[in-house]
Amino acid sequence: MSLYFTGEHEWIRVEGDTATIGISDHAQQALGDIVFAEVPEQGRSLNKGDEAAVVESVKAASDVYAPIAGEVIMGNEALADDPSLINRDPEGEGWFFKMTLADAAELDGLMDEAAYREWVKTL
Amino acid sequence: MTETSSPTQSLPLDAWHRARGARMVPFAGYDMPVQYDGIMAEHLWTRSHAGLFDVSHMGQLLFHGLGLDRALETLLPGDLQSLKDGRLRYSMLLGEDGGIIDDLMATRRGEHFYLVVNGATKAGDIDQFERRLPREIAFDHMKEQALLALQGPEAAAVLDTLVPGVEELSFMQADLFRWNGLPLWISRSGYTGEDGYEISVASRDVAALADALVADERVKPIGLGARDSLRLEAGLPLYGHDLDHRTTPVMADLLFAIGKRRRADGGFAGAARIIGEIDNGPVQKRVGLLVDGKQPVREGALILDREGNEIGRITSGGHSPSLGRPIAMGYVATALADPGTFLKLEQRGKLFQAQVTPMPFVPHQYQRKKAGA
């Protein structure tokens with residue numbers, strides 16, 4: 001299992017050829033109280049950079065982009081009833097969706113956890 | 001995060017907010033606290049206890065001169081002549097076309113009138129008053145005064161322990177009090193729908209007063225974010241969003257602010273148009289909307305009739321922490337403004353169902369007293 005982060009504050013947990021996507025603790029803190037999340041449907045084909053999910057806090061709406069290409073395996077249905085899961089456990093139970101990993105080479109440009117945590121401190 | 005383009009000014013409590021962990025954002029030309037613990041927690045705290053708001057960015061103007069109430073009545077549609085000493089009234093500064101230049105609170109204070117206007121519009125308001133009032137009328141922009149608001153069901157008990165007697169004030173009544181020998185001009189009013197007070201205090205004393213208030217465990221400092229969600233639930237319009245120079249008091253559903261005598265006699269800016277709208281109905285009207293589902297629908301979303309024709313726009317909208325659902329206000333064609341009317345909203349290409357509903361969304365808790373009227 002490997003954990004990667006993007007500059008848009010998304011995390012990608014890779015297990016075999018499956019990737020789980022969510023937003024980082026830093027991202028949920030910046031957004032504030034999350035009141036709505038919309039995750040992509042199973043089977044949807046995503047290109048890297050596509051708008052994949054929507055997250056809305058009391059303050060504002062934000063898009064979550066597909067950090068890699070692949071096909072959606074499942075969305076996190078628990079978020080529809082309890083979007084505050086993203087605030088409480090952003091890098092665990094508050095995951096957004098799982099997708100296939102079409103091209104492992106796309107992971108090369110991403111940050112590892114240590115690099116991401118260091119970078120966030122500079123923001 | 002985007003950089004601000006113009007330099008912002010600091011409020012007298014700037015350091016106080018930062019020391020309490022506030023996230024500061026530019027608003028109305030000032031660095032202001034948007035949140036401390038989080039908007040949702042601050043909102044619910046204010047509805048159940050007492051919230052302390054720094055609204056020192058607002059403009060405090062003190063007018064005097066011969067024939068003052070009549071002169072102000074040429075620009076404001078409220079009945080100021082009948083306003084008793086120490087009473088305040090919600091009103092609006094109107095353009096000659098009847099459009100709203102700002103909304104405000106006006107208090108008769110002895111020989112004076114004390115007006116509190118919005119921070120983002122105060123410079124323009126001052127210019128309007130200078131140009132449009134007769135020479136006999138003068139006013140002072142009280143730049144050395146800060147303004148705090150203490151709002152919530154425990155506000156009266158908290159403030160009365162520091163400033164005995166404030167509990168006797170009725171909603172929309174004000175008086176001069178003293179705290180540790182310092183003068184405080186206190187009115188029972190606010191912008192949350194809760195019972196509470198607005199306190200005008202010298203800037204040099206405001207940190208000491210804020211400290212004394214938050215020393216009471218029933219009080220927490222509250223940021224602009226919760227101020228916005230609280231006023232939305234209370235159905236109160238925000239200037240620059242729900243009101244602007246293109247809206248009239250009739251369109252904005254603020255007819256309560258135009259007294260009977262003023263409707264009959266006119267004599268205020270835009271009276272012909274406004275009285276015409278009272279008689280014949282405005283083209284559009286501000287309404288409250290309950291939005292289906294969980295997703296907030298925000299300012300700028302389109303309002304559609306059942307056939308999909310655009311009939312207006314959302315001017316404020318978001319998640320209601322008290323109701324746990326999205327609420328909004330906006331302008332719709334008057335024929336579709338009746339409570340119960342089903343409408344559609346369109347935001348980023350997605351459609352939402354909504355229903356016109358009476359405001360406030362959350363009942364007001366104002367404390368009106370019979371004595372002393």
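Residues numbered from 1 in each chain as written. Chains lettered and ligands numbered in written order. Predicted model: local features only at pLDDT ≥ 70, side-chain atom pairs only at ≥ 80, totals over all residues.

Visitor: Teacher, can you tell me more about the sheet that holds strand β6 (residues 51-57) of chain A here?
Guide: Remark on secondary structure: sheet strands pair via backbone hydrogen bonds, oriented parallel or antiparallel. All names here are of chain A. The 3 strands are arranged β4-β6-β7 in an open sheet whose pairing can be described as antiparallel. The outermost strands of the open sheet, each flanked by one partner alone, are β4 (34-38) and β7 (61-65). Strand after strand, the sheet turns through a mean of 20° between neighbouring axes, direction not considered. (Pairing = 2+ DSSP bridges. Helix = DSSP H or I, 4+ residues; strand = E, 2+ residues; numbered from the N terminus. Axes fitted to C-alpha atoms, helices over the stretch in contact; angles between N-to-C directions.)

Visitor: Can you walk me through helix α4 (residues 122-132) of chain B in this structure?
Guide: For an α-helix, 3.6 residues make a turn, and residues three or four places apart therefore share a direction. Residues and elements named next belong to chain B. Among the residues of α4, Lys 122, Asp 125 and Phe 129 are the ones counted as buried. End-on view of α4: buried residues confined to an arc of 55°, all on one side of the axis. Residues of α4 that are exposed and point over 90 degrees away from its buried face: Asp 127, Glu 130 and Arg 131. In the core, the buried residues of α4 are packed alongside β5 (59-64), β6 (88-94), β7 (100-109), β8 (112-117) and β9 (138-141). (Buried ≥ 20, exposed ≤ 12 C-beta atoms within 10 Å, placed from the backbone. Arc of directions from axis to C-beta. Contact = placed C-beta atoms within 7 Å.)

Visitor: How should the sheet that holds strand β1 (residues 2-5) of chain A be read in this particular structure?
Guide: Residues and elements named next belong to chain A. Taken in spatial order, the 7 strands make up an open sheet running β5-β8-β9-β3-β2-β1-β10, and their pairing is antiparallel. Two strands in the sheet have a free side with no partner beyond their single neighbour: β5 (45-46) and β10 (111-112). Of the strand pairs in this sheet, strand β3 (residues 18-23) and strand β9 (residues 97-100) are connected by 4 bridges, and their pairing is antiparallel. By the bridge assignment for β9, Ile 21 is matched with Phe 97.

Visitor: What am I meant to see in the domain arrangement of chain B here?
Guide: One frequently used descriptor of interface size is the decrease in accessible area upon assembly of the parts. Residues and elements named next belong to chain B. Per the domain assignment, the segments making up chain B are domain 1 (1-280) and domain 2 (283-357). Of the residues lining the interface, 15 residues belong to domain 1; the matching set on domain 2 comes to 14 residues. When contributions to the side of domain 1 that touches domain 2 are tallied by element, the ones reaching two or more residues are α2 (39-48) and α7 (224-233). At 4 residues, α2 tops the list of elements feeding residues into the side of domain 1 that touches domain 2. The residue makeup of the side of domain 1 that touches domain 2, split by class, is 7 nonpolar, 4 polar and 4 charged. (Domains from an automatic or database assignment. Nonpolar A, V, L, I, M, F, W, Y, C, P; charged D, E, K, R; others polar.)

Visitor: How should I be thinking about the confidence of the model for chain B in this particular structure?
Guide: Low pLDDT marks regions whose predicted coordinates should not be analysed in detail. Per-residue pLDDT for chain B has a mean of 96; in total, 97% of the residues score no lower than 70. We note a pTM of 0.95 for the whole complex and an ipTM of 0.89 for its interfaces. (pLDDT = per-residue confidence, 0-100.)

Visitor: Can you help me understand the environment of Ala 328 of chain B in this one?
Guide: With respect to the helices and strands, the residue Ala 328 of chain B is situated in strand β18 (residues 325-333). Here Ala 328 of chain B is in contact with Leu 289, Val 291, Val 297, Ile 314, Ser 316 and Gly 317 of chain B, once residues within four sequence places are set aside.

Visitor: Any chance you could explain the environment of Gly 270 of chain B here in plain terms?
Guide: With respect to the helices, strands and loops of the structure, Gly 270 of chain B is situated in the loop between α8 (260-265) and α9 (271-280). Counting along the chain gives 204 residues from Gly 270 of chain B to Leu 66 of chain B, while the straight-line C-alpha distance between them is 24 Å.

Visitor: I keep staring at the environment of Pro 7 of chain B and nothing clicks. Help me out?
Guide: Among the secondary structure elements, Pro 7 of chain B is positioned in the segment before β1 (9-10). Sequence spacing of Pro 7 of chain B and Asn 180 of chain B is 173 residues, and the spatial spacing of their C-alpha atoms is 36 Å.

Visitor: Which parts of the structure should I look at to understand the interface of chain B and chain A?
Guide: Facing 11 residues of chain B, the contacting portion of chain A comprises 7 residues. For the side of chain B that touches chain A, the secondary-structure elements that each account for two or more residues are α2, α7 and β17 (310-320) of chain B. Split into classes, the residues belonging to the side of chain B that touches chain A amount to 3 nonpolar, 7 polar and 1 charged.

Visitor: Can you walk me through the pairing of β18 of chain B in this structure?
Guide: Remember that side chains alternate between the two faces of the sheet whenever the strand is regular. All names here are of chain B. Here β18 lies mainly inside the structure; 7 of its 9 residues are buried. Where strand β15 (residues 284-291) lies against β18, 7 bridges are found, and the strand directions are antiparallel. Considered in β18, the bridge of Arg 286 is made with Tyr 331. Bridging between β17 and β18 involves 8 bridges; their strand directions are antiparallel. Note that in β18 the partner of His 319 across the bridge is Pro 326. What sits between β17 and β18 in their antiparallel hairpin is a turn of 4 residues, with Gly 324 showing a positive phi close to 65°.

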